[in-house]
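Chain and residue survey
Each chain is listed here by its residues.
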Amino acid sequence: MKPSRAVFKCFKWLERQGDRITGAAGPYFVGGAVILICMGVVCFFDVILPSLRFLPVTAPACTLIALNLLMHYYYVCTVPPGFVDDPPRGTGNPWLWAKKRLPAESRALTGVRWSNDVTITRASTTRCRKCTQIKPERSHHCRICDKCVLKYDHHCPGINQCVGLHNERHFVLFRAYLVLSTFCFGVLGYDQIFEALGFNYQQPWNHHVPEVVFLMEYILSVVLCLAVGIMLLWHLWSIALGETSVEAQDHDVYRRVAKERGDEFVNSYDLGKWKNLELFFNVGNNGYPLYTLVLPLRINPYTDGRAWARREGYERHRGVRAGEELTDDEDEEY
Ligand SMILES: [Zn+2]
Ligand SMILES: [Zn+2]
């Protein structure tokens, strides 16, 4: 065995052990996250909210933010990301599902939004060599779930499952509400820090939550606001470019290869920044109303994962020749 091959096999083994640990630790991460989020919400409503002014306005606004935070975390953990062998999905409990706007002219096409301003074409398919399922383009095999996921983004231990077509919107909205709520916690809870530390002699600590718990949640909020805020901005930028996390890496390779032969790579899923964001959140023309971004409701994505909106005049990416597409299989072929 060549030394380089031995090193490669060793890395593969380490990677597989890492996957196993990530998979096994998932439920503990989710349990920890639920406890910390709920404690944060209790701290806010027990310690910070009573000190706010204009309570008839601020109390409902804070309740709505907390509700979005909790519900989107619940959704992102419990809504399956969309596996290639899943049956087509409908809608469920009318209390949790937003009502779709009636289209100007009804054109029946199951599972796929069809509008005059966007061209949606059928996805090409390949067979996954790991699970032997036929998978449409933008699907990838998750090594931890051992299944092919529609519009695979990444496997997140913090939700103990993949981020894919059906839960990616909840994932981004959860992050957005996490940043918003930790920001509010940090700014509005600043005065209570001095109370909790015992520096404010006129105002002794008279809340149900112990001082140490409040201080811990405050520090955690500040750290999370910054860290998740940066990740959220990066994720929103990828969405605006019409790319998933996996595609962002693949497209860098395509761009380099195309440039080497004097060509230019064009991502055919990129319909312009606003249109990409509109399609991702499935709002705007022929989508759902904008209030679905501020109420914790469920909605379906614009596609069933087997057809994709493309740039006008594009059937596939420009600058990538047939057979050059990167697949999940490369790492096994060495
Ligand atoms: Zn697969
Ligand atoms: Zn997974």
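Since the structure is predicted, the reported quantities are computational estimates derived from the model, not experimental observations. (Residues numbered from 1 in each chain as written. Chains lettered and ligands numbered in written order. Predicted model: local features only at pLDDT ≥ 70, side-chain atom pairs only at ≥ 80, totals over all residues.)

1. Quick look at the overall build of the protein
- The number of helices and strands found in the protein is seven helices and eight strands.
- Summarising its shape, the C-alpha atoms of the protein cover approximately 75 × 65 × 40 Å along the three principal directions.
- Here the protein holds 334 residues, and the buried ones make up 31% of them.
- For the protein, long-range pairs separated by at least 24 residues make up 71% of all intrachain contacts whose partners lie at least 6 apart in sequence. (Helix = DSSP H or I, 4+ residues; strand = E, 2+ residues; numbered from the N terminus. Buried ≥ 20, exposed ≤ 12 C-beta atoms within 10 Å, placed from the backbone. Contact = placed C-beta atoms within 7 Å.)

2. Description of the UniProt feature "transmembrane region" (unreviewed entry) in the protein
- Following the UniProt record, the feature "transmembrane region" (unreviewed entry) maps to residues 21-48, 54-75, 172-193 and 213-234 here.
- Within residues 21-48, the helical portion is 100% and the strand portion 0%, while the C-alpha atoms at the span's ends are 38 Å from each other.
- Secondary structure across residues 213-234 comprises 100% helix and 0% strand; the distance between its end C-alpha atoms is 31 Å. (UniProt positions renumbered as here; feature names shortened; annotations may be inferred.)

3. Some points on unusual backbone geometry
- Residue Thr-132 is not a glycine yet carries a positive backbone phi of 60°.
- With respect to the helices and strands, Thr-132 occurs in the loop between strand E2 (125-127) and strand E3 (134-136).

4. Observations concerning the nonpolar core
- Membership of the largest hydrophobic core comes to 37 residues, with the highest contact counts inside it found for Phe-44, Val-76, Val-149, Cys-162, Phe-174 and Leu-178.
- For this core, the secondary structure elements donating two or more residues are helix H1 (3-48), helix H2 (55-78), strand E5 (147-149), strand E7 (161-163), helix H3 (168-188) and helix H5 (211-240).
- The leading source of residues in this core is H3, at nine residues.
- Beyond its immediate chain neighbours, meaning those up to four positions away, Cys-162 contacts Pro-81, Cys-142, Cys-145, Val-149, Tyr-152 and His-155.
- Core analysis: the second largest hydrophobic core is formed by six residues, Tyr-269, Leu-279, Tyr-302 and Trp-308 among them. (Core = buried A, V, L, I, M, F, W, Y, C linked by C-beta atoms within 7 Å.)

5. Description of the packing of H3 against H5
- At a minimum axis distance of 8 Å, the contact between H3 and H5 shows a crossing angle of 140°. Crossing of H3 over H5 shows left-handed handedness. In contact with Val-172, Arg-175, Ala-176, Leu-178, Val-179, Thr-182, Phe-183, Phe-185 and Gly-186 of H3, H5 contributes Tyr-218, Ser-221, Val-222, Leu-224, Cys-225, Val-228, Gly-229, Met-231, Leu-232 and His-235.
- In terms of residue class, the contact of H3 with H5 is built from 13 nonpolar, five polar and one charged. (Axes fitted to C-alpha atoms, helices over the stretch in contact; angles between N-to-C directions. Left-handed = near helix turned anticlockwise from the far one by under 90°. Nonpolar A, V, L, I, M, F, W, Y, C, P; charged D, E, K, R; others polar.)

6. A word on the confidence of the model for the protein
- Confidence in the prediction of the protein, expressed as mean pLDDT, is 88, and 93% of residues score 70 or more.
- Within the protein, the lowest mean pLDDT, 87, falls on strand E1 (residues 119-122), and the highest, 97, falls on H3.
- Confidence drops under pLDDT 50 across residues 106-111; counting only partners more than four residues distant or on other chains, this segment forms five contacts. (pLDDT = per-residue confidence, 0-100.)

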